Amino acid sequence: MTSTNPKSPLAALSGLLCFVLVVGGVSGLLHEWFGWIRFMGFLRFLAPDGYEIYSYVVMIVLGLAIGAAGDALTRRE
């Protein structure tokens, strides 16, 4: 069965951005704590030296907030 209301491009973009930030933040934290799993390593350029853990936590929280906003946008339509 298919859905009758297609997802808006803004909601799809927010879902993609949510995925990239959450997965990149989690993989960055795993890399900082355990030294392995460098997945989506391009996000390390967003983290300033000395504040990597805080930056990855902010990325995760920001990704979840963007995902919630995209979900609210989809439900409103």
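The following refers to the structure shown.

Conventions and cut-offs
Residues numbered from 1 in each chain as written. Predicted model: local features only at pLDDT ≥ 70, side-chain atom pairs only at ≥ 80, totals over all residues. Heavy atoms only, no water. Salt bridge = Lys/Arg side-chain N within 4 Å of Asp/Glu carboxyl O. Helix = DSSP H or I, 4+ residues; strand = E, 2+ residues; numbered from the N terminus. Buried < 20%, exposed > 50% of the residue type's maximum accessible area, 1.4 Å probe, protein only. Core = buried A, V, L, I, M, F, W, Y, C linked by side-chain atoms within 4.5 Å. Polar contact = N/O pair within 3.5 Å; in protein donor to acceptor, adjacent residues only side chain to side chain. Contact = heavy atoms within 4.5 Å. Phe/Tyr/Trp six-rings, centres within 6.5 Å; stacked < 30°, edge-to-face > 60°. Expected span 1.5 Å × (residues − 1).

### Focus on the pattern of salt bridges
When the charged atoms of two side chains lie near each other, side chains of opposite charge can form a pair.
Step number 1: Per the counting criterion, the structure on display carries 1 salt bridge.
Step number 2: Notably, a salt bridge pairs R75 with D71, separated by 3.2 Å at the nearest N-O pair. Of this pair, R75 and D71 are both found in helix α2 (residues 52-76), 4 residues apart, which corresponds to roughly one turn of the helix.
Step number 3: Given a relative accessible area of 68%, R75 falls into the exposed group.

### Regarding the nonpolar core
Step number 1: Of all hydrophobic cores here, the largest spans 10 residues; its members are V20, L21, L29, M40, L43, A47, Y56, M59, I60 and I66.
Step number 2: For this core, the element with the highest residue contribution is α2, accounting for 4 residues.

### Regarding the side chain of S14
Step number 1: Position of S14 among the secondary structure elements: in helix α1 (residues 9-34).
Step number 2: Only 2.8 Å separates the side chain of S14 from the backbone oxygen of A11, close enough to count as a polar contact.
Step number 3: Once residues within four sequence positions are removed from consideration, S14 is found in contact with I66 and G70.

### Concerning the packing of aromatic side chains
Step number 1: For the structure shown, the criterion picks out 1 aromatic pair.
Step number 2: Geometrically, the ring pair formed by Y51 and Y54 is tilted, given 6.4 Å between the ring centres and 40 degrees between the ring planes.

### Remarks on α2
Step number 1: In this model, α2 (25 residues) spans 36 Å end to end at C-alpha, consistent with the 36 Å of a helix rising 1.5 Å per residue.
Step number 2: Listed as buried for α2 are S55, Y56, M59, I60, G63, I66, G70 and L73.
Step number 3: Residues of α2 that are buried make contact with α1.

### Side note on the environment of L64
Step number 1: Along the polypeptide, L64 turns up in helix α2.
Step number 2: What makes L64 exposed here is its relative accessible area of 51%.
Step number 3: On a C-alpha basis, the gap between L64 and C18 in space is 6.2 Å, while along the polypeptide they are 46 residues apart.

### Some words on α1
Step number 1: With 26 residues, α1 should reach 38 Å at 1.5 Å per residue; the first-to-last C-alpha distance of 37 Å fits that figure.
Step number 2: For α1, the full list of buried residues reads A11, S14, C18, V20, L21, G24, G25, S27, G28 and L29.
Step number 3: In this structure, the buried side of α1 is in contact with α2.

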